[in-house]
Amino acid sequence: MNGEAAFPLAVALRGESVPIGEVFSFLSGLYFRGKLSYARAFGRHSKPDPGILVITTNRGLVPPETPVSLADLRSFASIDVAGGGDSFRAPLRRDAERLHTQIDSQRSVVLLGSIATGKYADALLEVFGERLLFPLDFVGRGDMSRGGLMLRRVQEGRELPYIPVQGAIRRGKRPPKLEKR
């Protein structure tokens, strides 16, 4: 947002728009880059289902190719996600309900976001119930550890095991740190 920033992403955002996946990968670094890489490597979808959706603060679920501008980023920043208010939950629930009607009833939805707090998981759980899964190895890990884990699994070509969010222990003992690479 700094008008003096000269790196390519900043220049592109000041010019018009950039895909949200690219912006979020820059902003959150390892964590979002890990999620997006993992979803692209292991996500399964069929037309018209986009397969990969990004949770936004006030637009609900959007594909990672969705263009965003500086004005959009300012709008995202104006919403208190931690509070879980209607400005955040209503668009998320709307899009989750739409997705629920679009996908085959035998398919699951995998949440690669935070599962320890309810801000994402609880809203999605209300719509998808037992069909909402998450990687078991996320329990006890922080954002960066989850991001690193997902990037490693992409490099190895090994998908993580999933379990239902419903009834799961979502907070647990911190696992050992990932080995440095």
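Structure shown above.
Residues numbered from 1 in each chain as written. Predicted model: local features only at pLDDT ≥ 70, side-chain atom pairs only at ≥ 80, totals over all residues. Heavy atoms only, no water.

Asker: Help me understand the packing of helix α5 (residues 86–102) against helix α6 (residues 118–128), please; the structure alone is not making it clear to me.
Answerer: Helix packing geometry: the angle between the two helix axes and the distance between the axes. Here α5 crosses α6 at 40 degrees, and the two axes come no closer than 9 Å. In terms of crossing hand, the pair formed by α5 and α6 is right-handed. Counting all contacts with α5, which are made through F88, R89, L92, R93, A96, E97, L99 and H100, the residues of α6 involved are K119, Y120, D122, A123, L124, E126, V127 and F128. Of the residues that constitute the contact of α5 with α6, the class distribution is 9 nonpolar, 1 polar and 6 charged. (Axes fitted to C-alpha atoms, helices over the stretch in contact; angles between N-to-C directions. Helix = DSSP H or I, 4+ residues; strand = E, 2+ residues; numbered from the N terminus. Left-handed = near helix turned anticlockwise from the far one by under 90°. Contact = heavy atoms within 4.5 Å. Nonpolar A, V, L, I, M, F, W, Y, C, P; charged D, E, K, R; others polar.)

Asker: Any chance you could explain the sheet that holds strand β7 (residues 162–164) here in plain terms?
Answerer: In a beta sheet, neighbouring strands pair by backbone hydrogen bonds and run either parallel or antiparallel. Spatially, the 3 strands line up as an open sheet ordered β5-β6-β7, and their pairing is mixed. One side of each edge strand has no neighbouring strand; the edge strands of this open sheet are β5 (109–110) and β7. Alignment of strand β6 (residues 132–135) against β7, held across 3 bridges, turns out to be antiparallel. Counterpart to F134 in the pairing with β7 is I163. (Pairing = 2+ DSSP bridges.)

Asker: What exactly am I supposed to notice about the environment of R181 here?
Answerer: Residue placement: R181 occurs in the segment after β7. Sequence-wise, R181 and E159 are 22 residues apart; in three dimensions their C-alpha atoms are separated by 19 Å. Non-local contacts of R181, meaning those with residues more than four positions away in its chain, are made with R152, Q155 and E156.

Asker: Hey, could you run me through the environment of R158 in this one?
Answerer: When you line up the elements, R158 lands in the loop between α7 (143–156) and β7. A residue is classified by how much of its surface remains accessible, and R158, at 44% relative accessible area, is partly exposed. For the pair R158 and A41, spaced 117 residues apart in sequence, the C-alpha to C-alpha distance is 9.6 Å. Aside from chain neighbours lying at most four places away, what touches R158 is F42 and R153. In terms of polar contacts, R158 uses its side chain to reach the side chain of E156, at 2.9 Å. (Buried < 20%, exposed > 50% of the residue type's maximum accessible area, 1.4 Å probe, protein only. Polar contact = N/O pair within 3.5 Å; in protein donor to acceptor, adjacent residues only side chain to side chain.)

Asker: Would you mind showing me how to read the packing of helix α2 (residues 20–28) against helix α3 (residues 30–42) here?
Answerer: Contact geometry for α2 and α3: axes closest at 5 Å, N-to-C directions at 140 degrees. Overall, the two elements α2 and α3 adopt an arrangement that is oblique. In contact with G21, F24, S25 and S28 of α2, α3 contributes L30, Y31, F32, R33 and L36. The residue inventory of the contact of α2 with α3, partitioned by class, reads 5 nonpolar, 3 polar and 1 charged. (Parallel < 35°, antiparallel > 145°, perpendicular 65-115°, else oblique.)

Read these as layout, nothing more, since geometry by itself doesn't imply function.
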